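# Examination of the molecular architecture
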Amino acid sequence: MDAVEEKIKSVKDVATLVQGFEGGHLTAGELVAKILELSDRHDLDALTDGLPSPLREEFVGSTRRLYDNDRPAETFKCLHAEGHMPPARLARLRAWLVRQPKSAS
């Protein structure tokens, strides 16, 4: 899949999640968890660009509160999968958070 196809796929995935959230089928926490799962296959910027502004701010704020610290990945449980957060996912998320404005938290 090339970069353009990848971006289109990520936008469609996020649009489906937003519909689920707005329809009351997902909580804000579930939305955050599912976006983090998608970040294993898609760029976080591409994923969050597809969020409406209030949800993007919620995502940045929520992930900053939870993960912008020095706790190791094995201390975080995954909500929708058995086991702990993959270290590579946490590293990508923390690197992404550094680039996000603090006012978004």
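We now turn to the structure provided with this report.

Here is what the cut-offs are and how they apply
- Residues numbered from 1 in each chain as written.
- Predicted model: local features only at pLDDT ≥ 70, side-chain atom pairs only at ≥ 80, totals over all residues.
- Heavy atoms only, no water.
- Core = buried A, V, L, I, M, F, W, Y, C linked by side-chain atoms within 4.5 Å.
- Buried < 20%, exposed > 50% of the residue type's maximum accessible area, 1.4 Å probe, protein only.
- Helix = DSSP H or I, 4+ residues; strand = E, 2+ residues; numbered from the N terminus.
- Contact = heavy atoms within 4.5 Å.
- Salt bridge = Lys/Arg side-chain N within 4 Å of Asp/Glu carboxyl O.

On to the nonpolar core, then. With 23 residues, the main nonpolar core has Ile-35 and Phe-59 as its most contacted residues. Elements with a contribution of two residues or more to this core: helix H1 (3–22), helix H2 (28–38), helix H3 (44–49), helix H4 (53–67) and helix H5 (87–98). Among the elements that make up this core, the one with the highest residue count is H2 (five residues). Those residues in contact with Phe-59 that lie beyond four places of it in its chain are Val-32, Ile-35, Leu-36, Leu-44, Thr-48, Leu-51 and Trp-96.

Before going further, it helps to spend a moment on the pattern of salt bridges. For the structure on display, the rule yields six salt bridges. Note that Asp-45 and Arg-99 form a salt bridge whose closest N and O atoms lie 3.5 Å from each other. Remark: Arg-99 occurs in the segment after H5 and Asp-45 occurs in helix H3; sequence separation between them is 54 residues. On the basis of relative accessible area, Arg-99 is assigned to the exposed category, the value being 52%.

So, about the environment of Leu-93. When you line up the elements, Leu-93 lands in helix H5. For the pair Leu-93 and Tyr-67, spaced 26 residues apart in sequence, the C-alpha to C-alpha distance is 8.0 Å. Filtering out sequence-adjacent residues up to four positions away, Leu-93 remains in contact with Leu-36, Leu-44, Thr-63 and Tyr-67.

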